[in-house]
Amino acid sequence: MFKKTLILLIIATLASCSSSKPAIATTKREAIQKPRVATTKKPVYTKATAKNFPSTNNTTEVIQSTSKTVVSSNVITDYVLQYKEIAMGNMQKYGIPASIILAQGILESGAGKGDLAMQANNHFGIKCHSDWLGESVRHDDDSSQECFRKYREASESYRDHALFLVGKKRYANLFTFEKDDYKAWAKGLRAAGYATDPNYPDKLISYIERYNLHQYDCQVTGKEYKPFEKSSSTKTTGSTKSSNSNSNPNDPNLYEVQQGDTLYSISKKFNVLVDDLKRKNNLSDNTLSVGQRLKVK
């Protein structure tokens, strides 16, 4: 009897041990699988955000206004696409050419990458003046630590820029120009004292013509837009304002003016000052003609 009881106890013990092993194995499998799910998700997010970085295979330029900013042409294009609707809306409402608004935005804000744009959403370099009651920041410009307006959003800066031009008497003459005459507006802004830079009009016109900003004026006015295209075949047979028209056409020190060129765009292309170009070529103003040959070196 004792032997039977002992055998039954041994059998019961073995059965209980074997039934507990699967539970331990299952627990271990679950513990191993969980971290694998988490680690496979992380690379997915990393790859997706990497696509947001701009390509570096495009030209760069230095924008000098209230700060010195180096940007690529892609950054400028993206800036135009981001704010063109606001510019056209302001043209419809206030009568300011959309091309001028965008060109000023590019120049004054460094295409959105300048100090004032990044710190204060100020895209037009508008200073505080006595009637400003909002927030402000200090920034070196014509003088040290001048007061500039600060905005919560860039769109507020665009609206304030329009109100600033409409509300100041010194800019009243601008609104006598044709709504889409960007050249008259560019020169008028400088004459009215918007900027102290004597080359300010040339800079605005250069951006408008290089980035085809006039098309947004035409969208508002309903006029047909013709893109600016450089023509290498157009030459002048008569005399030009430069004394170099009869020079060797292959001379690397000379440049033939193309459609859409300005003194400012040429100066940037050859890394010379506008004043130096005018002096070398005996130019009394900034007017150029297609086919004109200029000394650039």
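In this text, all values refer to a predicted model and were calculated from it rather than measured experimentally. (Residues numbered from 1 in each chain as written. Predicted model: local features only at pLDDT ≥ 70, side-chain atom pairs only at ≥ 80, totals over all residues. Heavy atoms only, no water.)

(A) Spatial organisation of the confidence of the model for the chain. Confidence in the prediction for the chain averages 77 pLDDT; 71% of positions are at 70 or higher. Scored below 50 in pLDDT, residues 18–57 shows one contact in the model against residues more than four places distant or in partner chains. Segment residues 231–247 is flagged for pLDDT under 50; beyond a separation of four residues in sequence, or across chains, it makes 30 contacts in the model. (pLDDT = per-residue confidence, 0-100. Contact = heavy atoms within 4.5 Å.)

(B) Inspection of the pattern of salt bridges at higher detail. Enumeration over the complete set of coordinates arrives at 11 salt bridges. In this structure, the salt-bridge partner of K127 is E146, at a minimum N-O distance of 2.9 Å. On the criterion of sequence distance, the pair formed by K127 in the loop between α4 (115–120) and β3 (136–139) and E146 in strand β4 (residues 146–149) is long-range, its members being 19 residues apart. E146 matches K127 in its accessibility class, with the two residues each being buried. A salt bridge links D160 to R149; the nearest nitrogen and oxygen atoms lie 2.7 Å apart. With a gap of 11 residues between them, D160 in helix α5 (residues 154–167) and R149 in strand β4 connect regions that are remote in the sequence. (Salt bridge = Lys/Arg side-chain N within 4 Å of Asp/Glu carboxyl O. Helix = DSSP H or I, 4+ residues; strand = E, 2+ residues; numbered from the N terminus. Buried < 20%, exposed > 50% of the residue type's maximum accessible area, 1.4 Å probe, protein only.)

(C) Up close: the packing of aromatic side chains. Taken as a whole, this structure holds 11 aromatic pairs when the rule is applied. Relative to Y194, the ring of Y171 lies with its centre 6.1 Å away and its plane at 55°, an arrangement referred to as tilted. Of the two residues, Y171 is situated in the loop between α5 and α6 (182–191) and Y194 in the loop between α6 and α7 (200–210); the sequence distance between them amounts to 23 residues. What makes Y171 buried here is its relative accessible area of 1%. Three or more aromatic residues joined by ring pairs make a cluster, and in this case those are Y79, Y83, F124 and Y158. (Phe/Tyr/Trp six-rings, centres within 6.5 Å; stacked < 30°, edge-to-face > 60°.)

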